[in-house]
Amino acid sequence: MATLPAVSAPPHAGARALVMRLRKGDEVARLITLAFASSILLVTVALVYQLWVGSELARHKFGFHFLTTSMWDPVSGQFGALPFIYGTVITSVIALLIAVPLGVGAAIFLSELAPARLSSTFTFFIELLAAVPSVIFGVLAFFAIVPLMRDYVDPFLKKTLGFLPFFSGPIFGYGYLTAGVILAIMTLPFIISISREALLDVPVEQREAALALGATRWESTWQAVVPWARLGIFGSIFLALARALGETMAVTMVIGNDPNIHASLFAPGYAIAAILANDFTEATGDLYPQALVALGLVLFLLTIVINALARLLIIATTRRGSAHP
Amino acid sequence: MTLRNRWRQSLSFFMLTLTGICAVVAVSLLFLILGDLFYNGWRSVDWDFFTKLPLPPGETGGGMANAIVGSIEIVLLATIMGLPVGFMAGVYLSEFGGKTFAFLVRYMADLLNGVPSIVIGIFVWIVVVRRYHFSAYAGGIALALILIPITARSTEQFMNAVPQTLREGALALGASKWKTIATVVVPAAYRGIATGMILGVARISGETAPLLFTSLNNQFWGAGLRDQTASLPVMIYSHAMSPYDDWHRQAWAAGLVLLIGVLFANVAARLILSRGIAVQK
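Residues numbered from 1 in each chain as written. Chains lettered and ligands numbered in written order. Predicted model: local features only at pLDDT ≥ 70, side-chain atom pairs only at ≥ 80, totals over all residues.

*Asks:* I would appreciate a short explanation of the overall build of chain B in the present structure.
*Replies:* Across its full length, chain B carries 10 helices and zero strands. Overall, chain B shows an N-to-C arrangement of helices and strands of α-α-α-α-α-α-α-α-α-α. Radius of gyration (C-alpha) of chain B: 24 Å, far over the 19 Å computed for a compact globule of 281 residues. In terms of its C-alpha atoms, chain B occupies a principal-axis envelope of roughly 70 × 70 × 35 Å. When burial is assessed residue by residue, chain B has 50% of its 281 residues classed as buried. (Helix = DSSP H or I, 4+ residues; strand = E, 2+ residues; numbered from the N terminus. Rg over C-alpha atoms; globule rule 2.2 N^0.38 Å. Buried ≥ 20, exposed ≤ 12 C-beta atoms within 10 Å, placed from the backbone.)

*Asks:* Mind showing me how you'd approach the environment of I141(B) here?
*Replies:* Residues and elements named next belong to chain B. Summarising the element assignment, I141 is placed in helix α6 (residues 136–160). For the pair I141 and V128, spaced 13 residues apart in sequence, the C-alpha to C-alpha distance is 8.9 Å. When residues no more than four places from it in sequence are discounted, the contact partners of I141 are M81, V124 and V128. (Contact = placed C-beta atoms within 7 Å.)

*Asks:* In this structure, what is going on with helix α8 (residues 176–200) of chain A? I would like to understand it.
*Replies:* Each α-helix turn comprises 3.6 residues. Residues three or four places apart therefore point the same way. In this model, α8(A) (25 residues) spans 35 Å end to end at C-alpha, consistent with the 36 Å of a helix rising 1.5 Å per residue. Here α8(A) lies mainly inside the structure; 22 of its 25 residues are buried. (Expected span 1.5 Å × (residues − 1).)

*Asks:* It is not clear to me how the packing of helix α10 (residues 217–225) of chain A against helix α1 (residues 3–41) of chain B should be interpreted in this structure. Could you clarify?
*Replies:* A packed helix pair is summarised by two numbers, namely the angle formed by the two axes and the spacing between the axes. Interaxial distance between α10(A) and α1(B) falls to 7 Å at its minimum, and their mutual angle equals 70°. One finds that α10(A) runs roughly perpendicular with respect to α1(B). Together, R217(A), W218(A) and E219(A) of α10(A) and R8(B), L11(B), S12(B), M15(B) and L16(B) of α1(B) make up the contact between the two elements. Classifying every residue of the contact of α10(A) with α1(B) gives four nonpolar, one polar and three charged. (Axes fitted to C-alpha atoms, helices over the stretch in contact; angles between N-to-C directions. Parallel < 35°, antiparallel > 145°, perpendicular 65-115°, else oblique. Nonpolar A, V, L, I, M, F, W, Y, C, P; charged D, E, K, R; others polar.)

*Asks:* I keep staring at the domain arrangement of chain B and nothing clicks. Help me out?
*Replies:* By a widely used convention, the size of an interface equals the accessible area lost when the partners come together. Residues and elements named next belong to chain B. Split into domains, chain B comes out as domain 1 (3–44) and domain 2 (48–274). The C-alpha-based centres of domain 1 and domain 2 are spaced at 33 Å. Counting residues at the interface gives six residues for domain 1, matched by eight residues for domain 2. The residue inventory of the side of domain 1 that touches domain 2, partitioned by class, reads three nonpolar, three polar and no charged. (Domains from an automatic or database assignment.)

*Asks:* Teacher, can you tell me more about the interface of chain B and chain A here?
*Replies:* In this complex, chain B contributes 68 residues to the contact, which on the side of chain A involves 66 residues. For the side of chain B that touches chain A, the secondary-structure elements that each account for two or more residues are α1, α3 (65–96), α4 (100–114), α5 (117–129), α6, α8 (177–205), α9 (232–241) and α10 (245–274) of chain B. Ranked by the residues each element gives to the side of chain B that touches chain A, the list is headed by α1(B), at 18 residues. Residues of the side of chain B that touches chain A, tallied by class, amount to 54 nonpolar, 11 polar and three charged.

*Asks:* Would you take a moment to explain unusual backbone geometry for this structure?
*Replies:* Apart from glycine, the bulk of residues carry a negative phi angle, and the bulk of peptide bonds sit in the trans form. Located in the positive-phi region is N257(A), a residue other than glycine, with phi close to 55°. Assignment of secondary structure puts N257(A) in the loop between α12 (249–254) and α13 (272–279). Residue N257(A) is classed as partly exposed on the basis of its C-beta count, with 17 C-beta atoms lying within 10 Å. Of note in the backbone geometry, L216(B) takes a positive phi value of approximately 55° without being a glycine. In this fold, L216(B) is placed in the loop between α8 and α9.

*Asks:* Could you clarify how one ought to interpret the domain arrangement of chain A in this entry?
*Replies:* Once the domains are mapped, chain A shows domain 1 (11–54) and domain 2 (66–320). Computed from C-alpha atoms alone, the centre-to-centre distance between domain 1 of chain A and domain 2 of chain A is 39 Å.

*Asks:* Can you walk me through the nonpolar core in this structure?
*Replies:* Across soluble globular proteins, you tend to see nonpolar side chains buried next to one another. Residues and elements named next belong to chain A. In this structure, I182 and V254 are the most contacted members of the largest nonpolar core, which totals 193 residues. The element contributing the most residues to this core is α8, with 16 residues. Apart from residues lying up to four places away in sequence, V254 is in contact with A141, F142, V146, Y174, T178, A179 and I182. (Core = buried A, V, L, I, M, F, W, Y, C linked by C-beta atoms within 7 Å.)

*Asks:* When you look at the confidence of the model for chain A in this model, what are you seeing that I'm missing?
*Replies:* Note that predicted coordinates carrying low pLDDT should not be read in detail. Residues and elements named next belong to chain A. On average, residues of chain A score 86 in pLDDT, and 90% of them reach the 70 mark or higher. For chain A, the element scoring lowest by mean pLDDT is helix α1 (residues 11–24), at 67; helix α5 (residues 82–113) scores highest, at 94. Taken together, the stretch residues 320–325 has pLDDT below 50 and engages in four contacts with residues farther than four places along the chain or on a different chain. (pLDDT = per-residue confidence, 0-100.)

Here you go:
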């Protein structure tokens with residue numbers, strides 16, 4: 001905080017020194033910028049506080065059962081968040097399962113194989129992809145990906161993998177899988193650009209040493225370069241996960257809005273962000289809006305935990321990491 | 001060449017080709033998106049789209065004039081509120097920040113940056129909307145809260161990239177610290193700072209979730225900034241989810257206009273940065 005240097009001079013001298021410093025302007029500039037910086041702190045604290053207080057009624061009535069029950073009935077005042085938590089987590093997991101191999105693969109190509117000019121052009125396009133607003137992904141998912149999934153992808157999966165419970169049951173087009181696919185597209189640019197930077201940071205000697213030992217190009221990449229950069233790659237994956245968990249518009253438009261848990265990924269479901277977007281302005285009474293704020297709190301905590309996990313993981317890998325001297 | 005070596009070579013070739021395919025797929029996604037929006041939207045982007053109000057369902061025609069103006073109002077409000085705060089906080093973090101407090105602010109800024117935008121919407125709903133009404137102000141505040149941490153961190157980053165020797169030079173000539181910052185550090189980093197700001201404003205222009213229950217939506221011209229206000233992203237959402245074909249057509253057109261605007265800002269920001277970087281890292 002704003003601590004003045006300890007001076008052992010008498011008080012009036014200290015005051016005079018302060019006046020001198022104020023007159024010079026530095027202290028004023030420091031205090032002004034400090035005030036603005038504190039506003040960030042203040043807003044974040046206020047955000048947590050308001051979510052906490054705003055969900056008080058729901059927290060007191062349901063306690064931790066809120067997280068573990070799956071009954072969502074605004075009419076009778078029963079609120080359980082499990083279907084929404086399940087939907088949010090499962091769609092994010094699907095997104096990562098698709099986006100991580102694709103993204104890391106693309107990052108390897110851009111950092112290891114592509115000529116510099118091609119690599120920077122591609123990276124430029126991928127950064128533009130990251131800038132596309134989420135509602136536009138939603139429109140595309142709603143009009144293009146839903147029919148595609150309904151008519152081609154889902155029937156194909158059902159025919160080939162239908163013996164698994166995830167890929168059985170009726171096909172709607174809307175549902176967990178479709179939401180996961182659009183989330184994969186949305187998180188892909190984050191994985192690619194951060195992983196690429198991590199891979200570019202790997203020293204050339206690492207590659208040369210592997211190649212000199214007779215490794216093929218792929219062996220050098222996979223066994224010498226990727227392990228070195230794993231920290232950044234994990235970071236990109238967790239960032240993508242946090243984005244996927246909190247993503248609202250595209251998921252709301254394609255997840256199907258059914259507050260029940262289904263084993264089948266073809267089935268319509270719900271996500272935390274989606275029910276907030278759909279119901280918040282229409283929620284009446286005392287308890288219903290509070291239950292929704294409580295869901296917002298759950299979503300907030302979920303993203304915080306993911307961020308914290310990412311930090312812990314990165315600390316753990318740096319401690320253990322033999323690749324990092 | 002032994003069999004094993006041949007296997008290793010072909011595996012290498014196969015995997016590397018696969019990574020190339022991954023990259024091509026990722027990049028082609030952008031062009032698929034652009035192509036799809038152009039194909040479905042360009043016919044509907046006409047004079048009416050920019051000058052007329054939305055019509056009730058069932059009638060053909062109309063436009064999104066109120067949403068375009070509303071979006072500009074809300075983003076402008078957010079920019080006026082958010083950029084100065086973010087910039088000053090960034091200056092503090094880079095130039096005045098000590099250890100503990102600066103770390104705390106930095107951490108909180110990253111936290112705020114990671115908060116899902118819909119949660120920001122809830123916060124503003126609790127603090128502003130519940131007490132007053134849905135308004136353009138509320139929407140602007142929500143977007144400003146997203147803009148502040150982005151601006152603060154990018155400003156800090158680009159000011160940190162200014163070499164220490166420049167600062168020392170100014171201080172050695174007798175300039176006070178704030179004078180050094182105002183006349184040496186900020187001018188040296190202004191391209192980067194401007195780029196960060198443009199990217200931040202582009203990002204909030206496309207945000208939908210925080211506006212859903214702050215500025216809400218409006219089919220007509222609102223009665224000023226205190227009234228609920230239409231915005232392009234919310235209009236795209238509500239029109240796309242409606243069952244009417246003519247509204248779908250409008251949603252595509254609005255999506256195309258929004259995307260062109262956002263991508264244009266992104267390209268412009270990167271051109272500013274690459275056109276002779278003032279700061280050598």
